[in-house]
Structure formats: structure tokens, C-alpha cells
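Descriptive structure summary
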Amino acid sequence: MVKYYCCAGLLKSTWDQVCIAFWQRYPNPYSNHVLTEDIIFREVTPANCLISRRLLTKTSRAPRWMERYLPKHMASSAYIIEDSVVDPQKRTMTTLTWNISHARLMSVEERCQYRINPENGSWTEIKREAWISSNVYGLTRAIQEFGLARFKTSVTKTMKGFEYVLAKMQGETPSRTLAETATERARETALAAKEKAKDLASHAQKKQYV
Amino acid sequence: MLTTATAAENSLKNHPNLDYTSFVRIQAIMNSVGEACTDLKREYDQCFNRWFAEKFLKGDRNGDPCMETFRLYQRCVQKAIKEKEIPIDGVEFMGPNKEKPES
């Protein structure tokens, strides 16, 4: 069973600018989880499309409740492949991103289509789709839900990072105020606390049945 | 991460006939998965970003100025991928996206 998710995004920059930023979007203040980035294949096709494969290493931390089901010394980072096709004639860019590490545990595939916003030619719209699956017997649903929640958080970060890089490219000083940084940190702390509470709760529950 | 402001880039930035400035450089770059490849990667990325903005998106198909830097970078990074046993062999382009159910 695969969980499907779809959402739309808008960047208030031209399609050209977005494509240029796409190749330069790491690092940004929202991409601390991206450790390495490489182009490992690139070609211009006879139809004049640019096809590329990017290899990324990202940190991948499982929530506490999941940890006990995982191998003891599982790598804390994951390899991600991001394939893309840029078509300068049609002014479209399509990307497909998926994890090649820990894929049996959880696989997240994302497809993004970037095109000129039909209402405003100097904006770019993104259609984002994701397919999340897991093959862990008995935990499929829980892991998929976790995967989807984390995916949604990462979409927000991706968009913020993109906006930051675009603003910087256009010579503006990106506004990431101290307040914003503090809010985000607070949110992360709250999330961690929530995970911990859940963990404790499930332990407590188990004890009752012993 | 390294800082990439070079003299060459600065002179490029000030060149009146180039619109490289409109796309501009980001200060820091990402590390390569191969620790030894980051400098080669930076050199290639700079070449590519400029070619992409100034030539490719504008429909100019005259040659590939980045071929040599790409070749050197690839020699390094592909070696690192083998050494780290990163399983990318035979992974099809746009690979797993076979017709997927929607919801």
C-alpha cells in the first residue's frame, strides 16, 4: 500500500530564476540536514533537454518509538537520488527524488513539476506529489503516517530555503529574523518533547499489561 | 563548506557586458560525498551555473565549456561512490516513478 500526497506551491520569481536557483539552493539556513551534494550524471539530450542526476546525503533520524524496531547501528544518514529534466523550450522542469537507503523501512518518492504560473508570467508554480510506502510488517501504517508528517515539514523547509536563495540571488537580504529562528527552535523542542511523551506513554501502557 | 568568492568571479561580476550578476553566486558551497572532490566540484559548479544561466536557458547550444572540469570532477566522485559502496549502479533514470496510484 502506498500513501499518496499532492500539493501546489508558488514562488514569486520567474521560471528561469527558479531553475538557476535550483542548482544553487544548498546550503541555505533551512538545509542543515543536507550533508553532501554531487552531480553524478549530466547530459543535454538531442531534444535539447538537460538531464541530471544529483546524489545527496541527508541526516535521517527515526523517531524514538521507531528506534527499537531498527537495526542497532543503522546509519544515521541516507543517500538520496534526485533526477531532473529541464526543458528550456517548454519552460518546464521535472524532478524525481527518492531515497536509496533504508528503502525497505520507508520509501519516499517525490515528483515536482515547475512551470510558469498561468496567471502571472513572472511567477513559478510547483506541483508536488509524493508516494510514501513501508514494508515493515505490522507498522506500515504508523511509519507511513510518520513519513507523511515529516515530508510535510520538509516541504515547508524546502520552500523557505528556495525563497531564501532566490532573494539572495536577486540581491536582497533574506529576512530570517532572530524571532523566526527562535520560533523554529522552540517548535523543534516541542516536537522532541512530544515524541518523548509518546514514548513514555507507550512504555507505561506496556507495563500495565505485564 | 567553503567560501567561493574568487577574484575571477569578482571581475566577472563587474564586467559590463555579462549578465552573470543577475544570477549571482551563493557564498558557500556544499561538500562532495568524496572529501577530496569538493574543490573540483566547486570549480565545475561555477562553470555549470554560468553556462546554464547564460547559454542553456537562452537557447545557445554552442559547445560545452565545462566538459573538462566535469570530467575531472566525475573521475573523483565516481571513485568515492565505489569506495563508499553507494548503491547507484543500474538505477534507472527517473527510476522508481512507475505509474503510481493516486491516494
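Every value quoted in this text rests on a predicted model; they were computed, and no experiment measured them.

1. Digging into the state of the cysteines
With the rule as written, the count across this model stands at two disulfides over all chains. Between the sulfur atoms of Cys37 of chain B and its disulfide mate Cys76 of chain B the distance is 2.2 Å. Since a negative S-S torsion denotes a left-handed disulfide, the Cys37 of chain B-Cys76 of chain B link at about -85 degrees is left-handed. Taken together, the positions of Cys37 of chain B in the loop between strand S2 (28–29) and helix H3 (38–54) and Cys76 of chain B in helix H4 (residues 67–83) put the pair 39 residues apart, joining distant regions of the chain. The burial state of Cys37 of chain B is the same as that of Cys76 of chain B; both residues are buried. Here Cys47 of chain B pairs with Cys66 of chain B through a disulfide, and the sulfurs are 2.2 Å apart. Disulfide Cys47 of chain B-Cys66 of chain B: the torsion about the S-S bond is -95 degrees, which places it as left-handed. Taken together, the positions of Cys47 of chain B in helix H3 and Cys66 of chain B in the loop between H3 and H4 put the pair 19 residues apart, joining distant regions of the chain. Take the cysteines of chain B that form disulfides and number them in order along the sequence; they join up as 1-4, 2-3. There is no disulfide at Cys7 of chain A, and the cysteine sulfur nearest it, in Cys6 of chain A, is 6.6 Å away. Overall, Cys7 of chain A belongs to the buried group, its relative accessible area being 19%.

2. Here's the deal with the nonpolar core
In a soluble, globular protein the nonpolar side chains are often hidden away together inside. Counting residues in hydrophobic clusters, the biggest one holds 61 residues, and the most contacted among them are Val86 and Tyr114 of chain A together with Phe52 of chain B. For this core, the leading source of residues is helix H3 (residues 140–169) of chain A, giving eleven residues. Ignoring sequence-local partners within four residues, the contact set of Val86 of chain A consists of Trp15, Cys19, Trp23, Asn48, Cys49, Leu50, Thr92 and Met93 of chain A together with Phe52 and Phe56 of chain B. Core analysis: the next-biggest nonpolar cluster, separate from the first, contains six residues, Tyr26, Val34 and Leu56 of chain A together with Met30 of chain B among them.

3. Structural notes on the interface of chain B and chain A
The interface is formed by 45 residues belonging to chain B together with 48 residues belonging to chain A. Buried surface at the junction of chain B and chain A, both sides included, amounts to about 3900 Å², of which 66% is carbon and sulfur. Across the contact surface, chain B and chain A share one salt bridge. For Lys41 of chain B, the salt bridge is made with Glu37 of chain A, and the minimal N-O distance between the two is 2.8 Å. Joining chain B to chain A, the criterion identifies 14 residue pairs in polar contact (both at pLDDT 80 or more). Mapped by element, the contributors of at least two residues to the side of chain B that touches chain A are helix H2 (20–23), S2, H3 and H4 of chain B. With seven residues, H3 of chain B is the single largest residue contributor to the side of chain B that touches chain A. Residue composition of the side of chain B that touches chain A, grouped by class: 27 nonpolar, eleven polar and seven charged.

4. Structural notes on the pairing of strand S7 (residues 124–133) of chain A
Working note: regular strand, side chains alternate between the two faces of the sheet. Residues and elements named next belong to chain A. Burial analysis of S7 places seven of its ten residues in the buried class, the great majority of the element. In terms of strand pairing, strand S1 (residues 2–11) meets S7 through ten bridges, oriented antiparallel. Paired with Lys3 across the bridge in S7 is Ile132. The pairing of strand S6 (residues 107–116) with S7 spans ten bridges and is antiparallel. In the strand pairing of S7, Cys112 is matched with Arg128.

5. Thoughts on unusual backbone geometry
All names here are of chain A. The peptide bond linking Tyr26 to Pro27 adopts the cis configuration, its omega dihedral lying at -5 degrees. For Pro27, the location among the structural elements is in the loop between helix H1 (15–22) and strand S2 (34–44). Positive phi, close to 55 degrees, is recorded for Arg91, a residue that is not glycine. Structurally, Arg91 is set in the loop between strand S4 (77–87) and strand S5 (92–99).

6. Overview of the packing of aromatic side chains
Going through the model one piece at a time under the given rule, you end up with 15 aromatic pairs over all chains. With centroids separated by 5.6 Å and ring planes inclined at 85 degrees, the aromatic side chains of Trp23 of chain A and Phe48 of chain B adopt a geometry described as edge-to-face. Of this pair, Trp23 of chain A sits in the loop between H1 and S2 while Phe48 of chain B is found in helix H3, placing the two residues in two different chains. Taken as a pair, Trp23 of chain A and Phe48 of chain B share a single burial class, namely buried. When the ring centre of Phe48 of chain B is taken as reference, the NZ or CZ atom of Arg42 of chain A above it lies at 3.5 Å.

What counts and what doesn't
- Residues numbered from 1 in each chain as written.
- Chains lettered and ligands numbered in written order.
- Predicted model: local features only at pLDDT ≥ 70, side-chain atom pairs only at ≥ 80, totals over all residues.
- Heavy atoms only, no water.
- Disulfide = S-S within 2.5 Å.
- Helix = DSSP H or I, 4+ residues; strand = E, 2+ residues; numbered from the N terminus.
- Buried < 20%, exposed > 50% of the residue type's maximum accessible area, 1.4 Å probe, protein only.
- Core = buried A, V, L, I, M, F, W, Y, C linked by side-chain atoms within 4.5 Å.
- Contact = heavy atoms within 4.5 Å.
- Buried area = accessible area lost by both parts, 1.4 Å probe.
- Salt bridge = Lys/Arg side-chain N within 4 Å of Asp/Glu carboxyl O.
- Polar contact = N/O pair within 3.5 Å; in protein donor to acceptor, adjacent residues only side chain to side chain.
- Nonpolar A, V, L, I, M, F, W, Y, C, P; charged D, E, K, R; others polar.
- Pairing = 2+ DSSP bridges.
- Phe/Tyr/Trp six-rings, centres within 6.5 Å; stacked < 30°, edge-to-face > 60°.
- Lys NZ or Arg CZ within 6 Å of the ring centre and 35° of its normal.

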